[in-house]
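# Structural characterization, general
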There are 2 protein chains.
Amino acid sequence: MDLNIPAPRNKRVVIVGGGFGGIAAGRVLTRHGEFQTVLVDRNNYHQFQPLLYQVATSGMEPTAISFPLRKVFRKGKDFHFRMAGVEAVDAARNILHTTAGDLHYDYLVLAAGTDTNYFGMESVARHALPLKSVGEALALRNRVLATMELAVRTADAAERAELLNFVVVGGGPTGVELAGALAELQRRIFPKDYPELDISAMKIYLLNAAPRLLEGFSEESSARALKDLERAGVRVVLGATVKDFDGHAVTYNDGESIPARTVIWASGVIANALDGISTEQLGRGRRVKVDEYNRMEGAENIFVIGDQCLLTSDPRYPNGHPQVAQVAIQQGKQVARNLLSSVAGKAPEPFRYKDKGSMATIGRNRAVAEIWGRHFGGFFAWALWLFVHLLFIIGVRNRLTVLFDWSWSYLTYDRPLRTIIRPAKK
Amino acid sequence: MDLNIPAPRNKRVVIVGGGFGGIAAGRVLTRHGEFQTVLVDRNNYHQFQPLLYQVATSGMEPTAISFPLRKVFRKGKDFHFRMAGVEAVDAARNILHTTAGDLHYDYLVLAAGTDTNYFGMESVARHALPLKSVGEALALRNRVLATMELAVRTADAAERAELLNFVVVGGGPTGVELAGALAELQRRIFPKDYPELDISAMKIYLLNAAPRLLEGFSEESSARALKDLERAGVRVVLGATVKDFDGHAVTYNDGESIPARTVIWASGVIANALDGISTEQLGRGRRVKVDEYNRMEGAENIFVIGDQCLLTSDPRYPNGHPQVAQVAIQQGKQVARNLLSSVAGKAPEPFRYKDKGSMATIGRNRAVAEIWGRHFGGFFAWALWLFVHLLFIIGVRNRLTVLFDWSWSYLTYDRPLRTIIRPAKK
């Protein structure tokens, strides 16, 4: 079984993953058609991960932050998309094994990203909710709304308390943004939707193992995020390492615990596994070790980019780059350019990351941004955050939709998409 | 186990189902709070069924045509919503059994609508796709897109032909609108998304058991719909009674068959079943027989409205009213008004249907409309169809969203939401 791709006129580059890195590489490679480019992804769409928390909190639709991969590459030269899961790589024979068949490559670009890391805690993995994909964001939205319905329905005070506690684990941008958005739901929406409930009994916790929020940011931004979240009513617990969650109570540190049904795990990631890559080639967080050209150690024609790779040769980043969109985009472009250089007989250029700054939003008019070497907070950071995100979303329609969703929520204080919808079974 | 609803100060009315009928009744009943009103629905949202085909063909999001039931009744007096499935009614004890517990009623308004009717053909029920809910519309969208991905991937010509045949069964408004929208996908979108496929090999069939399309409409409108669909490339087969579908071929009449993986069943409905109602009380299509006050035969305090009821005392409709939104809305209002009259000691008024006309769209600039005793076609009917649907959708935001979606599709010829998204499992 193969994937029914015509034999390439030139060399074939196979890209695994249509995230920020894979798309950046593919766009450069398909500009003129020097290679045959095949993109493999288990989904038929790219997802804009920074706004997943908006989907989870009924502020946006999945399609506002997703984009069909075929449409991304509609004008690409000699481009082929195949929807399939990737199972293993046979580096000796240059073959990629997918759920839909085998695929020969001349060059392989791995951009498969990461998945949620539960650090081996099986009970947590079974009961906590992740937030790494639009499917997971929708499941979280459904869970939050269904939990409120259960809370209305029960006459048991202990059960109601358990239902009304929402615990976010992890104080990075995702955890901070999600906790802030949940606090807005509690303040603006739920009192009107559930007049029968005492909404002040609803409690939102943010548990963070580190001693401060937003560890990648400055101390100043961390303190600002903490202040803003607490002002919004979020109970932030710093230095709280979660030990277990059995579906009814989350325990942390030395036996401290919070009764809760809903725990959202935004606490760590682990690179997606791929059979055929030996453990010696893997580093911290299962990331694949690469040289300064993003080449996998010991392989001439396999490149790994973005969250999935570990590049430690840059003295500025001895533990590897931060796992953020900008690194993936820049590496994708660089690897693609180097492949084109090789066709032209030119030497490749090593990767060097240009940090464009980082930002996180805490809620209405509140954000932190670190850019051009400066730290911003409050309304300006928030407006900047909106602008940059609009800029990076793919597609005119998605930009209009996101802008509309934001404007609507801002003007009406509404999070309108509070429907528990699942596709039917067949 | 009960549903944790406070004991009513006055009498309690329980409404089953948040469709057109249930909402209409609830709005009248909760205006001043003469009753305690409890609405029970298995979903937490109202769905606008006339636009399901838009969701199925990647033109709209489910939330554009859904609306949270709690928000519908936010200003309602003494209103309580409970998300639960309804299992049985105990008319002797005035108790409704739900999946979440039992509920006592003084008056019961059944507005549970219909489900897809496969006329006892188990194989068809197992393999064909229905289109009666937003969940089913999403599943259909996912199926159509996934089928195209499979068609690209296969090198087997027979398999590809099977994958590229899409069969719609049923020539009512849903079938006609869906076939028209699929034809637009084939013409405008798929050639660009799947340049590797010969899209002319894709075939859309519309099988209709009756000798003409849109049976409830005039002969003139039927002929116009047929012409418009055929011009759009749909293969319409009239007088085709489907006998079987095994997942690979649909057979009809005397052994004629079409190889196809995707069959959409828009061919008939059956009223949702409720234990506790005896078979003598049911009529054609499992509809509950009611008198001119929509009272269930033999019950003083149970009313059935909309698609679920069969009212045959009006000589204009000896076989019952058409199962359309307008009947449900008018019956819901009338039943609620009669309940309020009874509080005031006034006599109830019998139901009398005011037919406001009917319409169906076939695609860009094409529709048929029968209104004010006249028949319209072409652009005017199409514009009227848009206007009336916008008018009846609940919520300012949903209207803006639907208007935006239509404008976008109209101006760009795009159906942008071509993503296969499912909520994650947990």
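Please refer to the structure placed before this passage.
Residues numbered from 1 in each chain as written. Chains lettered and ligands numbered in written order. Predicted model: local features only at pLDDT ≥ 70, side-chain atom pairs only at ≥ 80, totals over all residues. Heavy atoms only, no water.

What follows covers the pairing of strand 5 (residues 79–83) of chain B. Residue and element names in this part refer to chain B. The buried fraction of strand 5 amounts to 5 of the 5 residues, a majority that puts the element mostly inside the structure. Covered by surrounding structure in strand 5 are F79, F81 and M83 together with H80 and R82, the residues of both alternating faces. For strand 2 (residues 36–41) and strand 5, the ladder comprises 5 bridges, and the chain directions are parallel. Looking at the pairing, D41 lines up with M83 of strand 5. (Buried < 20%, exposed > 50% of the residue type's maximum accessible area, 1.4 Å probe, protein only. Helix = DSSP H or I, 4+ residues; strand = E, 2+ residues; numbered from the N terminus. Pairing = 2+ DSSP bridges.)

Moving on to the relation of the copies chain B and chain A. Least-squares fitting of chain B to chain A yields an RMSD of 0.0 Å, with the superposition described by an axial translation of 0.0 Å and a rotation of 180 degrees. Classification of the inter-copy transformation places it as that of a two-fold axis. (Least-squares fit on C-alpha atoms with pLDDT ≥ 70 in both.)

Tracing the backbone shows D198 of chain B in the loop between helix 7 (173–193) and strand 13 (203–208). Each C-alpha atom of the pair D198 of chain B and N208 of chain B lies 27 Å from the other, and the pair is 10 residues apart in sequence.

So, about the side chain of D307 of chain A. Mapped onto the secondary structure, D307 of chain A falls in the loop between strand 21 (302–304) and strand 22 (309–311). For the buried D307 of chain A, no salt bridge exists, and the shortest N-O distance to an oppositely charged side chain is 4.7 Å, to K132 of chain A. (Lys, Arg positive; Asp, Glu negative; His and termini not counted. Salt bridge = Lys/Arg side-chain N within 4 Å of Asp/Glu carboxyl O.)

All right, on to the pairing of strand 6 (residues 86–90) of chain B then. All names here are of chain B. Pairing between strand 6 and strand 7 (residues 95–98): 4 bridges, direction antiparallel. Following the sheet pairing, V89 is matched in strand 7 by L96. Counting the residues that bridge the hairpin from strand 6 to strand 7 gives 4 residues, and of these N94 lies at a positive phi of roughly 60 degrees.

Moving on, we get to the sheet that holds strand 7 (residues 95–98) of chain A. All names here are of chain A. Pairing in this open sheet of 3 strands is antiparallel, and the strands run 6-7-8 from one edge to the other. Among the strands making up the open sheet, the edge pair consists of strand 6 (86–90) and strand 8 (101–104). Going from strand to strand, the sheet's axes swing by 20 degrees on average, the running direction of each strand aside. One ladder, built from 4 bridges, connects strand 7 with strand 8; its direction is antiparallel. Bridge pairing in strand 8 places I95 opposite H104. (Axes fitted to C-alpha atoms, helices over the stretch in contact; angles between N-to-C directions.)

Nonpolar side chains collect at one region of the surface, where F387, L391 and F392 of chain A lie side by side and expose about 310 Å² of accessible area between them. As for its position among the elements, F387 of chain A is in helix 10 (residues 378–392). (Patch = residues over 30% accessible without salt bridge, like charges linked within 9 Å, V, L, I, M, F, W, Y side chains within 5 Å. Areas by Shrake-Rupley, 256 points an atom, 1.4 Å probe, with all protein chains shown as cover.)

Within the secondary structure layout, E61 of chain A lies in the loop between helix 2 (52–56) and strand 4 (66–68). On the accessibility criterion, E61 of chain A (9% relative accessible area) is buried. Dropping the residues within four chain positions of it, E61 of chain A is found in contact with V55, R141, D405 and L417 of chain A together with E61 and T63 of chain B. (Contact = heavy atoms within 4.5 Å.)

Turning to unusual backbone geometry, a few remarks are in order. The general pattern is negative phi for most residues beyond glycine and trans for most peptide bonds. All names here are of chain A. At S58, a residue that is not glycine, the phi angle is positive and equals roughly 65 degrees. By the secondary structure assignment, S58 is in the loop between helix 2 and strand 4. Note on S58: relative accessible area 2%, which makes it buried.

This part takes up helix 5 (residues 134–153) of chain B. An α-helical segment advances 3.6 residues per turn. Residues three or four places apart therefore align on the same side. With 20 residues, helix 5 of chain B extends 29 Å between its outermost C-alpha atoms, agreeing within 8% with the 28 Å of an ideal straight helix rising 1.5 Å per residue. By the criterion of burial, helix 5 of chain B is predominantly enclosed, with 18 of the 20 residues buried. (Expected span 1.5 Å × (residues − 1).)

All right, on to empty space enclosed by the protein then. Residue and element names in this part refer to chain B. Scanning the model with the defined rule gives 7 cavities of 30 Å³ or more in all. Residue lining of the largest cavity: 22 residues in total, with Q54, E184, R364, S409 and R415 positioned closest to the centre. Those elements giving two or more residues to the lining of the largest cavity turn out to be helix 2 (52–56), helix 7, strand 23 (358–363), helix 10 (378–392) and helix 11 (396–412). When residues of the lining of the largest cavity are assigned to their parent elements, the largest contribution, 7 residues, is made by helix 7. (1 Å grid on protein atoms, 1.4 Å probe; cavity = no way out; pocket = protein on both sides within 12 Å on 5 of 7 lines; lining within 4 Å. Points joined across faces, edges and corners; volume = space filled by probe spheres on them.)

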